[in-house]
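Remarks on the overall topology
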Amino acid sequence: MSDEPELPPSSARPYGGYFDDVSDALAAAYPNVSQAVERSIVDRGELTLHVRRENLRDLAQQLRDDQDLRFELLSSLSGVHYPMDVGRELHVVYELTSMTHNRRIRLEVAAPDADPHVPSVVAIWPTADFQERETWDMFGVVFDGHPALTRIMMPDDWPGHPQRKDYPLGGIPVEYKGATIPPPDERRQYA
Amino acid sequence: MTTTDPYAGVRDTTEGRVYTVTGGDWDDVAADAVTEHAERLVVNMGPQHPSTHGVLRLILELDGETVTQARLAIGYLHTGIEKNCEYRNYTQGVTFVTRADYLSPLFTESAYSMAVEKLLGITDEVPVRAQVIRVMMMELNRISSHLVWLGTGGLEIGALSAMLYAFREREQILDIFEMITGLRMNHAYVRPGGVIQDLPPGAVEKIREFVQIMPKRIDQYHDLLTGQPIWIKRLEGVGFLDVNACVALGVTGPLLRAAGLPWDLRKSQPYSGYEGYEFDVPTQTTGDNFARYLVRMDEMRESVNIVEQCLDKLRPGPVMVDDKKIAWPAQLALGADGMGNSLDHIRHIMATSMESLIHHFKLVTEGFHVPPGQVYQPIESPRGQLGVHLVSDGGTKPYRVHLREPSFVNLQAVPAVCEGSLIADVIASVASLDPVMGGCDR
């Protein structure tokens, strides 16, 4: 885990497939798009828009409501912790599905560890309720505007956020037929 | 209250009086609560309750027998599967994710393996035979999962005999799984690149026997339940959720189709060659528990139909990708001490081929490297959209695995389907959401 997951640079137009249609429709619906979207990456047949957190809610509203976009289903919302991405350690990933147009795109929002705030999208996609609570629980991302941001998996008084990279996995060495096997996070790493 | 049960205590708290109900004393408690003070009663149902499918805790605020508010507490089965995957190589990850949703393990395995393949860029190189076997196993698994829902759902609303029939056929499917994968659940059968081993002799015949029996058995369930007045009264018009509510709450699968939207990822975004099968997407329009029952019953028929097509599509061939740097070294055979690598294979790597031995050793200890990037792979599980979000940093272990579990997301609909209904209907409605807590909590 010492390697930095390199994020590819912005892809060049044309992206191919429906990604160009989505980008054009988004530019028409949200004139501020060049400022709001830091990077657009097409990789392995999927489009990822890296969105500034200040613009997330307005952009999400357009993505849901505009007739050429209509991403009415938020399939998945989860976090990823990149401790080496200094100043943008916490990422929140939104997988959007448009049932109307049968399309999928991904939004990614970053926040620094020192200020782990991301606007909540519960008002736009109510399904984000549990998923934002889980992301708070596991990564410590504070979703501003969430109606009741409490822990969901771990007990209410649990210290720390278990899926962050600086949170140890835990485990004890196990003895088997005289040999000792260390816990998984202390075993040999292969770069 | 005149109880002498030492465990059925009463204590006053700042939130009001708290009763511990142990069974048989409900009348006393209710009488006391009503005469004393409370016009509202907060009942804690679960986490250990026979009708909550595992350990789901419902907190119900009651006005008489009407539920005015429903909240749920989950997390009792949280086992850290996602975190654990980050410390194991990609192949080992299969054995973790299969333990999430224990009623549909083959779906989680397949979604995870497909995500790894997408990251590796080998989606199109997975052999046809492996794809057909995956589809066949998934559809059999869909039937067995729906059968558990039918059996336990029946139990929960008093139709005890439904379970006897449903579990009879489920057992038959589990026998097939045991024959093919070695295990009745937690199979770890689908692996990145294909499946771990080919179908054993006799498996095709056994499956063919099953697909001949099953349609008649579905008729039996219909005879037993569909026209039954009590069954209809418990389900019809109960637990209503329309298309708008489903989409807003992220509810997919049979619940969404019962509300009238024919959204099925097998049709709309086909994977594993689903575009080559002929099947219908059953829908209903009433969006109540009865509609969900009918949709699932019809889905079982369609799954039987797909399994039959799979049997016809099976052609001899490899079941794992060619690339020896990815394909797990498994030429399995049954020995005197159980299943293991075949003696021929061991002889080959130990005695004749140094290169094979190195490959074997590197793959088993290190695993294979996956180029950096992220993918999301959604598939249609028995409960709705099951998605795997996988991030790689270029190493031999996933950087992040996230399971978008339909049980977890669909449970958000509990307040919407339960509030305003009778407490007895809560059980029928939660059952119709078909949550599996192992998947929900992961």
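Residues numbered from 1 in each chain as written. Chains lettered and ligands numbered in written order. Predicted model: local features only at pLDDT ≥ 70, side-chain atom pairs only at ≥ 80, totals over all residues.

1. Digging into the domain arrangement of chain B
Residue and element names in this part refer to chain B. With domains assigned, chain B is organised as domain 1 (10-73), domain 2 (81-322 + 368-437) and domain 3 (332-365). Of note, the centres of domain 1 and domain 2, computed from C-alpha atoms alone, are 34 Å apart. Between domain 1 and domain 2, the residue contacts involve 17 residues of the former and 18 residues of the latter. Contributing elements (two or more residues each) for the side of domain 1 that touches domain 2: strand E4 (57-63) and strand E5 (66-73). The greatest single-element share of the side of domain 1 that touches domain 2, amounting to 7 residues, is contributed by E5. (Domains from an automatic or database assignment. Contact = placed C-beta atoms within 7 Å. Helix = DSSP H or I, 4+ residues; strand = E, 2+ residues; numbered from the N terminus.)

2. Topic: the confidence of the model for chain A
Low pLDDT means the predicted coordinates in that region are not meant to be read closely. Looking at chain A as a whole, its pLDDT mean stands at 88, while 95% of the residues score no less than 70. The weakest mean pLDDT in chain A belongs to helix H2 (residues 33-36) of chain A at 84; the strongest belongs to strand E6 (residues 117-119) of chain A at 94. (pLDDT = per-residue confidence, 0-100.)

3. Topic: the nonpolar core
All names here are of chain B. With 154 residues, the main nonpolar core has Ala115, Ala413 and Val414 as its most contacted residues. A total of 13 residues in this core trace back to one element, the largest contributor, which is helix H5 (residues 128-156). Each of domain 1 (10-73) and domain 2 (81-322 + 368-437) accounts for three or more of the residues forming this core. Excluding residues that lie within four positions of it along the chain, Val414 makes contacts with Ala70, Leu72, Val430 and Leu433. (Core = buried A, V, L, I, M, F, W, Y, C linked by C-beta atoms within 7 Å. Buried ≥ 20, exposed ≤ 12 C-beta atoms within 10 Å, placed from the backbone.)

4. Re the interface of chain B and chain A
Chain B puts 40 residues into the contact, and the matching count from chain A is 33 residues. Along the lines of polarity and charge, the residues of the side of chain B that touches chain A split into 15 nonpolar, 16 polar and 9 charged. (Nonpolar A, V, L, I, M, F, W, Y, C, P; charged D, E, K, R; others polar.)

5. Concerning helix H14 (residues 354-365) of chain B
Residue and element names in this part refer to chain B. Compared with the 16 Å implied by 1.5 Å per residue over 12 residues, the 17 Å span of H14 between its first and last C-alpha is a close match. Where burial is concerned, little of H14 is hidden: 1 out of the 12 residues are buried. At the C-terminal side of H14, Gly367 shows a positive phi close to 90°. (Expected span 1.5 Å × (residues − 1).)

6. Quick word on the environment of A:Asp24
Residue and element names in this part refer to chain A. Here Asp24 is to be found in helix H1 (residues 19-29). Taking the number of C-beta atoms within 10 Å as the measure of exposure, Asp24 has 12 and is therefore exposed. Sequence separation of Asp24 and Asp68 is 44 residues, and the distance between their C-alpha atoms is 9.4 Å.

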